[in-house]
There are 2 protein chains.
Amino acid sequence: MALIVKKFGGSSVANAERVFNVANIIVEDYKAGNDVIAVVSAQGDTTDELISKAYEINPDGPSKREMDMLMSAGEQISIALLAMAIEKLGYPVISLLGWQAGFKTDSKYSAARIKSLDTDRLKAELAKRNIVIVAGFQGINKYDDITTLGRGGSDTSAVAIAAAMNADLCQIYTDVDGVYTADPRIVKNAKKMQEITYDEMLELATLGAQVLNNRSVEMAKKYNVELEVLSSFERKPGTIVKEVITMEKMLIRGVARDNNVARFSIIGLPDTPGVAFKLFNNLAKKNINVDIILQSVGRDGTKDITFTVAKNQSKETMQVLEEFKQSVGGQKIIFDDKVSKISIVGTGMETHPGVAAKMFEALYSAGINIQMISTSEIKISVLIDIEYSDLAVQVVHDAFIE
Amino acid sequence: MALIVKKFGGSSVANAERVFNVANIIVEDYKAGNDVIAVVSAQGDTTDELISKAYEINPDGPSKREMDMLMSAGEQISIALLAMAIEKLGYPVISLLGWQAGFKTDSKYSAARIKSLDTDRLKAELAKRNIVIVAGFQGINKYDDITTLGRGGSDTSAVAIAAAMNADLCQIYTDVDGVYTADPRIVKNAKKMQEITYDEMLELATLGAQVLNNRSVEMAKKYNVELEVLSSFERKPGTIVKEVITMEKMLIRGVARDNNVARFSIIGLPDTPGVAFKLFNNLAKKNINVDIILQSVGRDGTKDITFTVAKNQSKETMQVLEEFKQSVGGQKIIFDDKVSKISIVGTGMETHPGVAAKMFEALYSAGINIQMISTSEIKISVLIDIEYSDLAVQVVHDAFIE
C-alpha cells in the first residue's frame with residue numbers, strides 16, 4: 001500500500017465525461033489498496049467565464065485580492081464535481097478547499113507562496129480511508145483571506161502535499177503522455193523519455209518545454225519527491241522525474257525552443273565601470289528578467305550590451321533603455337523580436353567536451369546563423385532567426401538523439 | 001451615522017449592469033456617512049448552471065455535503081464581482097465568505113441552522129471604513145466544512161448580521177417594492193403597506209405571500225431587528241416590518257392566497273380515543289406538515305378526518321393514509337388538489353368581532369362555497385375551489401381594504 005498524490009489540470013476535468021475519466025483513474029489506484037489524494041484545477045471554461053465576468057465589471061483589471069476570491073471558486077466547483085463522480089462510482093470521498101487542506105500562504109495575492117501545510121485534516125481523512133480531493137492553486141494568508149498561487153499553482157499544490165505527506169509518488173496528469181526529447185509537433189521522431197533528472201527538467205521547463213511548472217519541479221527537487229508526468233487520456237506510463245536517473249545514459253536529454261524572446265542592443269555606451277551593473281539593476285527594479293547577455297567593446301572606446309528578455313516585456317524594457325540612454329549616454333537602441341532560442345539540455349554534457357561544437361556544426365550545415373550563445377553546466381542555448389526555428393530544433397535533435 | 005445591513009437576491013446581481021446598480025445603492029448610503037454591510041446571493045444563472053452540472057454527474061442527486069461545497073461557490077463569485085464594481089466606483093470594499101464573516105452552523109448540510117456569529121472580522125473591516133460584502137446562505141460547521149442555510153438563507157444571513165451587529169436597519173431588496181394588501185398581479189387596487197408587524201408578516205409569508213422568508217422574519221422578531229422590504233430596481237421606500245406599528249390602524253393588513261394545497265379526507269374511522277393522534281403522528285414522522293384540520297362524527301359511530309397539506313407532499317400523504325386505513329380501519333380516502341386557501345391577516349381582528357362574518361359574507365355574495373375554515377388570533381383562512389381563487393382574493397380585499 002502506497003500514498004499516491006495525483007494532479008489533474010483544467011482540461012482533464014473539462015466536462016462530465018472527463019470528470020468520470022479522472023474519477024476512474026483515482027478509483028483504480030484506491031481499489032488496489034493505495035491511499036489517494038487528488039489535486040484538481042478549475043475546469044477550463046469556468047476559468048474563462050470568471051475572467052470575462054471580472055473584466056466586464058472592471059476592464060482596467062480588478063484588485064488582486066478580489067480576483068483571488070473570484071478565481072478560487074473555480075477549483076471549488078471542480079473538486080465538488082469530482083467528489084460527486086467518485087460518490088456515484090460508490091467510493092468514499094471528501095473534497096477539501098485549499099484552506100481546509102491546510103495551505104497557509106503569504107499575502108501576495110495572485111502569486112502567493114506556500115508558507116506551511118498543516119496536514120492534520122488530510123491525515124484524518126486518509127485514516128478514514130476516504131479518497132481526498134483537494135482544490136489546487138489556492139490557500140489562505142494570515143488574515144484568513146483566500147490567495148492563489150499563480151501560474152502552474154496546482155502542480156505546486158500537489159508537490160507540496162506529496163512532500164509534506166511523504167507520498168510515494170506524485171503523478172502530474174497533463175494532455176501529453178510524458179517528457180519528449182523535443183516537441184513532438186515539430187520533431188516527428190522525438191522520443192519519450194522514461195526518466196529525467198530534476199535539473200534537466202528545470203532547464204527544459206525554463207526553456208519553453210511547458211510540461212511542468214518550474215516552481216513545482218524546484219520544490220520536488222528540494223523535498224526529493226518523485227514525479228511522474230503522464231496523460232489522463234491514455235493509460236500508459238509517463239516520464240519519471242527524480243534526482244538520479246539510472247536507466248538511460250544519453251549525452252543530451254532534450255532539445256527545447258522558446259519563441260517568446262526579444263533581443264535588445266544598446267550601442268555606444270561609455271566604457272566606464274558600473275555601466276552594465278546600472279543597466280541591469282534598472283531592469284531588475286521593473287521586474288524584467290534578463291536571459292542571455294553579451295557585452296562587447298565597440299569602436300572608439302565605447303561598449304555595446306546585447307541581451308534577451310521575454311517578448312511580452314518588450315515595452316517596459318524599451319522604456320528602461322530609453323531612460324538609460326538619456327541619463328548615461330549611448331548612441332542607439334536596436335530591437336528584434338523575430339528571434340528564437342534553441343537549447344540542448346543534459347547532465348552528461350559537462351564531462352563531454354565537443355557538445356557545443358557538435359550543436360554549432362548541425363546548425364551551420366543547415367545554413368542557420370547563430371546570433372548569440374549562452375552556456376551553463378547542463379545546457380547550451382543559441383539565439384537564431386525565428387524563421388529557422390523549427391528546422392533548428394529538427395537538425396539539433398537529429399545530431400544528438402537520432 | 002448608522003449601520004445598515006442590505007441584502008440583495010440573485011436577480012438583483014444577475015448581470016454586470018445590475019451588479020453596478022447594486023453597487024450604486026450601497027455607495028449612496030456609504031457616502032452619506034453610514035457603515036454598510038451587504039449580504040448577497042448567487043447570480044441566478046450561476047445557481048442554475050451549478051445545479052445542472054451536479055445532476056449531469058449524478059442524476060440521482062449528489063451528497064448534500066458536496067452539493068453545499070458546490071453551491072457555495074455561487075455566492076463566492078457574486079461577492080467578488082460586487083466588490084470589484086464598488087472598487088471600480090472608487091470606494092474601499094472587501095468581500096467575505098460566510099466563514100470569514102464568522103458564520104458557524106450545525107452540520108445539517110443544505111439546511112443548516114446558524115449556531116453563532118463571530119463578529120470580530122466584520123467589526124474590524126467597518127473600523128477601517130470598508131464597505132463589507134458578505135456571501136449569504138453559507139457558513140461552516142464544527143468540522144470546518146462548508147454548509148448552506150437552505151431556502152431563503154441569504155435573508156437569514158442578513159438578519160443574523162443585523163442582530164449580532166445591532167444594526168439600525170436591515171433592508172431586504174427584492175423584485176417587488178414592498179408588502180401589499182394582496183398580490184398586485186391579482187388585485188389591481190392592492191395597496192403597498194408602509195408598515196407591518198412581525199406577526200402579520202409571518203402569517204402572510206406562511207400563507208404564500210412569498211416576499212420574505214419565514215425564518216428570517218422569526219429571527220428579526222426575536223432580536224427586534226427592523227426590516228425594510230424594498231425594490232433594488234426603483235429608488236423608493238418599501239415596507240417596514242417591526243414589532244409595533246403606529247402609522248396605520250387597519251383592521252385587516254392583507255389578503256393572501258396559497259394554491260400549493262391539497263385536501264385529504266379519511267372517512268369512516270373507528271370512533272375510539274387516540275385515532276387522530278396516531279394519524280397525525282404518522283404524518284409528522286414523514287415530515288409532512290398538516291395545515292387546516294377538521295374532524296366530524298360520521299354516521300354509525302364512525303368519524304371522518306379532513307386536513308390539508310402542501311400539494312407537493314400529496315404522494316407521501318397518500319401513502320401514510322393507505323397504511324393507516326389498513327392498520328386502523330376506515331372506509332375510504334378522498335383527495336382533492338383543486339383547492340385554494342384564502343386568508344386575511346391583521347393584529348386588529350382579535351378585538352373586533354364580526355370579521356369572520358364579513359369575510360364569509362363577501363364570499364357568499366360572490367357565489368363562492370367555503371369548504372373548510374381555520375382561525376387563529378390574527379388570521380382567518382378558508383379553503384375554496386381553486387377556480388374561484390382570484391375572484392375570492394379580489395372580493396375579500398374589496399370588503400376590507402377598499
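These numbers were taken from a predicted model, which means no experiment stands behind them.

1. Section: unusual backbone geometry
Glycine aside, residues mostly have negative phi angles, and peptide bonds mostly take the trans form.
Okay, so step 1: For S110(A), which is not glycine, the phi dihedral falls at a positive 75°.
Okay, so step 2: Topologically, S110(A) is positioned in the loop between β4 (103–105) and β5 (114–117).
Okay, so step 3: One non-glycine residue, R129(B), adopts positive backbone phi at about 60°.
Okay, so step 4: Tracing the backbone shows R129(B) in the loop between α4 (120–127) and β6 (131–135).
Okay, so step 5: Judged by the 10 C-beta atoms lying within 10 Å of it, R129(B) is exposed.

2. So, the sheet that holds strand β14 (residues 261–270) of chain B
Residue and element names in this part refer to chain B.
Okay, so step 1: The strand order β15-β16-β14-β17 describes an open sheet built from four strands, whose pairing is antiparallel. Only two strands of the sheet have a single partner each, and these edge strands are β15 (290–297) and β17 (332–336). Ignoring strand direction, the axes of neighbouring strands in this sheet form an average angle of 15°.
Okay, so step 2: One ladder, built from six bridges, connects β15 with strand β16 (residues 302–310); its direction is antiparallel. Following the sheet pairing, V290 is matched in β16 by V309.

3. So, the interface of chain B and chain A
Okay, so step 1: The partner chain A presents 26 residues to the 27 residues of chain B that form the contact.
Okay, so step 2: The set of elements that each furnish at least two residues to the side of chain B that touches chain A consists of α1 (16–31), α2 (44–57) and α3 (64–89) of chain B.
Okay, so step 3: Ranked by residue count, the leading element in the side of chain B that touches chain A is α3(B), at 14 residues.
Okay, so step 4: Looking at side-chain class alone, the side of chain B that touches chain A contains 16 nonpolar, five polar and six charged residues.

4. Structural notes on the relation of the copies chain B and chain A
Okay, so step 1: Rotating chain B by 179° about the axis while translating it 0.1 Å along that axis superimposes it on chain A, leaving an RMSD of 0.2 Å. What the rotation and shift describe, once combined, is the action of a two-fold rotation axis. Relative to the rotation axis, the C-alpha of A73(B) is the closest in chain B, positioned 2.4 Å from it.
Okay, so step 2: When the interface residues of chain B are mapped onto chain A, 96% of them again fall at the interface, so both copies present the same face.

5. Brief notes about the environment of M201(B)
Residue and element names in this part refer to chain B.
Okay, so step 1: Relative to the helices and strands, M201 is located in helix α6 (residues 198–209).
Okay, so step 2: Separated by 145 residues in the primary sequence, M201 and G346 place their C-alpha atoms 9.5 Å from one another.
Okay, so step 3: Each residue touching M201, except ones within four places of it in the same chain, is listed here: V179, I196, L212, V217 and V241.

6. Remarks on the packing of helix α3 (residues 64–89) of chain A against α2(B)
Okay, so step 1: For the pair α3(A) and α2(B), interaxial distance at closest approach is 9 Å and the crossing angle is 25°. Judged on the interaxial angle alone, α2(B) and α3(A) are roughly parallel. As α3(A) packs across α2(B), the resulting crossing turns out to be right-handed. Contact residues: α3(A) offers I77(A), L81(A), M84(A), A85(A) and K88(A), while α2(B) offers L50(B), K53(B), A54(B) and I57(B).
Okay, so step 2: When the residues that make up the contact of α3(A) with α2(B) are grouped by side-chain class, the tally is seven nonpolar, no polar and two charged.

7. Quick word on the sheet that holds strand β15 (residues 290–297) of chain A
All names here are of chain A.
Okay, so step 1: Ordered in space as β15-β16-β14-β17, the four strands form an open sheet in which the pairing is antiparallel. With one partner strand each, in any of the chains shown, β15 and β17 (332–336) form the two edges of the open sheet. Here the average twist between neighbouring strands, direction ignored, is 15°.
Okay, so step 2: Set on the sheet, helix α8 (residues 275–285) makes contact with β14 (261–270), β15 and β16 (302–310); between it and β15 the angle comes to about 160°.
Okay, so step 3: In this fold helix α9 (residues 314–328) packs onto β14, β16 and β17, with an angle of close to 0° to the strand it touches most, β14.

8. Quick look at helix α2 (residues 44–57) of chain A
Okay, so step 1: With 14 residues, α2(A) should reach 20 Å at 1.5 Å per residue; the first-to-last C-alpha distance of 21 Å fits that figure.
Okay, so step 2: Those residues of α2(A) that fall on the buried side of the exposure criterion are T46(A), L50(A), K53(A), A54(A) and I57(A). Across the axial projection of α2(A), the buried residues extend over an arc of 95°, all falling on one side. The outward face of α2(A), more than 90 degrees from its buried face, is lined by the exposed residues D45(A) and S52(A).
Okay, so step 3: Where the residues of α2(A) are buried, they touch α3 of chain A together with α1 and α3 of chain B.

9. Focus: the environment of V320(B)
Residue and element names in this part refer to chain B.
Okay, so step 1: With respect to the helices and strands, V320 occurs in helix α9 (residues 314–328).
Okay, so step 2: Sequence spacing of V320 and F280 is 40 residues, and the spatial spacing of their C-alpha atoms is 9.7 Å.
Okay, so step 3: Dropping the residues within four chain positions of it, V320 is found in contact with N282, L283, K286 and I288.

10. Comments concerning the pairing of strand β11 (residues 227–231) of chain B
All names here are of chain B.
Okay, so step 1: Here strand β9 (residues 169–174) runs beside β11; their pairing, made up of five bridges, is parallel. Residue pairing across strands places Y173 opposite L230, the latter belonging to β11.
Okay, so step 2: Pairing analysis gives three bridges linking β11 to strand β12 (residues 239–242), with the strands arranged antiparallel. Across the sheet, residue L227 finds its bridge partner in β12, namely V241.

11. Regarding α9(B)
Residues and elements named next belong to chain B.
Okay, so step 1: Here α9 spans 20 Å end to end across 15 residues, near enough to the 21 Å set by a 1.5 Å rise per residue.
Okay, so step 2: Regarding α9, the residues found buried are T317, V320, L321 and F324. Down the axis of α9, the sector holding all buried residues measures 100°, keeping them to one side. For α9, the exposed residues set more than 90 degrees away from the buried face come down to K315, E323 and Q326.
Okay, so step 3: If you follow the buried residues of α9, they end up packed against β14, α8 (275–285), β16 and β17.
Okay, so step 4: G329 sits one or two positions beyond α9 and adopts a positive phi of about 105°.

12. Some points on the packing of α8(A) against α9(A)
All names here are of chain A.
Okay, so step 1: Following both chains from N to C, one finds α8 and α9 inclined at 145°, their axes separated by 10 Å at the closest point. In this structure, the crossing between α8 and α9 has a hand that is right-handed. Contacts between α8 and α9 involve V275, K278, L279, N282 and L283 from the former and T317, V320, F324 and V328 from the latter.

Reading the values: the criteria
The residue count restarts for each chain, going from 1 along the sequence in the order it is written. Both sets of labels track the order of writing: A upward for chains, 1 upward for ligands. Reporting in this predicted model follows two pLDDT cut-offs: at least 70 for local features of residues, and 80 or more for side-chain atom pairs to be given and counted; totals over whole chains, interfaces and linings ignore these cut-offs and use all residues. Strands are runs of DSSP state E lasting at least two residues, helices are runs of H or I lasting at least four, and both sets are numbered from the N terminus onward. Three classes are used. A residue is buried when 20 or more other C-beta atoms lie within 10 Å of its own, exposed when 12 or fewer do, and partly exposed in between, with C-beta atoms placed from the backbone. Each pair of strands is called paired provided DSSP finds at least two bridges between the two strands. Axis definition: a line fit to C-alpha positions, over the contact stretch in the case of helices; interaxial angles, taken between N-to-C directions, run 0 to 180 degrees. By the criterion used throughout, residues are in contact when their C-beta atoms, derived from the backbone, lie within 7 Å. In this classification, Asp, Glu, Lys and Arg are treated as charged, Ala, Val, Leu, Ile, Met, Phe, Trp, Tyr, Cys and Pro as nonpolar, and every other residue, Gly included, as polar. Superposition of the copies was done by least squares, using only C-alpha atoms of residues whose pLDDT is at least 70 in both. Note on angle classes: values under 35 degrees are labelled roughly parallel, values over 145 roughly antiparallel, values of 65 to 115 roughly perpendicular, and the remainder oblique. Each crossing is labelled by how the near helix is turned from the far one, with a counterclockwise turn of less than a right angle marking it left-handed and a clockwise turn marking it right-handed. Between the first and last residue of a helix there are one fewer steps than residues, each counted as 1.5 Å, and that sum is the expected span. As used here, the arc belongs to the directions running from the helix axis to the C-beta atoms.

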